[in-house]
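The primary structure of each chain is shown beneath.
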Amino acid sequence: MTTTTQTPLSLYGFLRPKPDRADEVRQLLSALVEPTRQEKGNLQYHLHEHEDGRLFLYEVWRTQEDLDRHNARPPLRDFLTNLLDYLEELPEGYFNTMISDYPQP
């Protein structure tokens, strides 16, 4: 019997909304939280607001394929396509393979 172990991928970073679009970005990203958590392959999805107004997004996906499928969904794809209409600068983002064990359900 052969077993394969998949290493989850984490994606995290800060987004700085334009001041006049901050509420819109907060609402848009907040509306994605629960639907994203229901997507196949999503292990974690969290949105935080830093005291200086930046938003911090932390997500963990089972595989790259799962993350790619998520990024292709219309609401997120539309946001990503027009990113600089919403943000003051490109996100400070990081994409990594987890090296710690991920708890299995």
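Residues numbered from 1 in each chain as written. Predicted model: local features only at pLDDT ≥ 70, side-chain atom pairs only at ≥ 80, totals over all residues. Heavy atoms only, no water.

Engineer: Where do I start with the nonpolar core in this structure?
Structural biologist: Note on soluble globular proteins: their nonpolar side chains tend to be buried together. Of all hydrophobic cores here, the largest spans 13 residues; its most connected members are Val25, Leu29 and Phe79. Elements with a contribution of two residues or more to this core: helix H1 (22-37), strand E3 (55-61), helix H3 (74-81) and helix H4 (83-86). With four residues, H1 is the largest single contributor of residues to this core. (Core = buried A, V, L, I, M, F, W, Y, C linked by side-chain atoms within 4.5 Å. Buried < 20%, exposed > 50% of the residue type's maximum accessible area, 1.4 Å probe, protein only. Helix = DSSP H or I, 4+ residues; strand = E, 2+ residues; numbered from the N terminus.)

Engineer: Teacher, can you tell me more about the packing of aromatic side chains here?
Structural biologist: Two aromatic rings are characterised by how far apart their centres lie and by the angle between their planes. Tallied over the entire structure, the rule returns four aromatic pairs. Ring geometry for Tyr12 against Tyr58: centres 6.2 Å apart, planes inclined by 40°, an arrangement best described as tilted. One end of the pair, Tyr12, is in strand E1 (residues 9-15); the other, Tyr58, is in strand E3, with 46 residues separating them in the sequence. For Tyr12, a relative accessible area of 26% corresponds to the partly exposed category. (Phe/Tyr/Trp six-rings, centres within 6.5 Å; stacked < 30°, edge-to-face > 60°.)

Engineer: Would you take a moment to explain the pattern of salt bridges for this structure?
Structural biologist: Side chains that differ in charge, positive against negative, can pair when their charged atoms come close. Scanning the entire structure with this criterion turns up 10 salt bridges. The partner of Arg62 in a salt bridge is Asp66, and the shortest N-O contact between them spans 2.9 Å. On the accessibility criterion, Arg62 (31% relative accessible area) is partly exposed. On the accessibility criterion, Asp66 (0% relative accessible area) is buried. What emerges from the salt-bridge pattern is a single network uniting Arg62, Glu65, Asp66 and Arg69. (Salt bridge = Lys/Arg side-chain N within 4 Å of Asp/Glu carboxyl O.)

Engineer: Got a minute to help me understand the sheet that holds strand E2 (residues 42-49) in this structure?
Structural biologist: Note: strands within a sheet are paired through backbone hydrogen bonds, in either parallel or antiparallel orientation. Ordered by their spatial adjacency, four strands build an open sheet running E2-E3-E1-E4, and the pairing between neighbours is antiparallel. Among the strands making up the open sheet, the edge pair consists of E2 and strand E4 (92-97). The mean angle between the axes of side-by-side strands here comes to 10°, regardless of whether they run parallel or antiparallel. As paired elements, E2 and E3 share seven bridges and run antiparallel to each other. Bridge pairing in E3 links His46 to Tyr58. Set on the sheet, H1 makes contact with E2 and E3; between it and E2 the angle comes to about 160°. (Pairing = 2+ DSSP bridges. Axes fitted to C-alpha atoms, helices over the stretch in contact; angles between N-to-C directions. Contact = heavy atoms within 4.5 Å.)

Engineer: Could you clarify how one ought to interpret the side chain of Asn42 in this entry?
Structural biologist: Along the polypeptide, Asn42 turns up in strand E2. In this structure the side chain of Asn42 is engaged in a polar contact, spanning 3.1 Å, whose partner is the backbone oxygen of Gln44. (Polar contact = N/O pair within 3.5 Å; in protein donor to acceptor, adjacent residues only side chain to side chain.)

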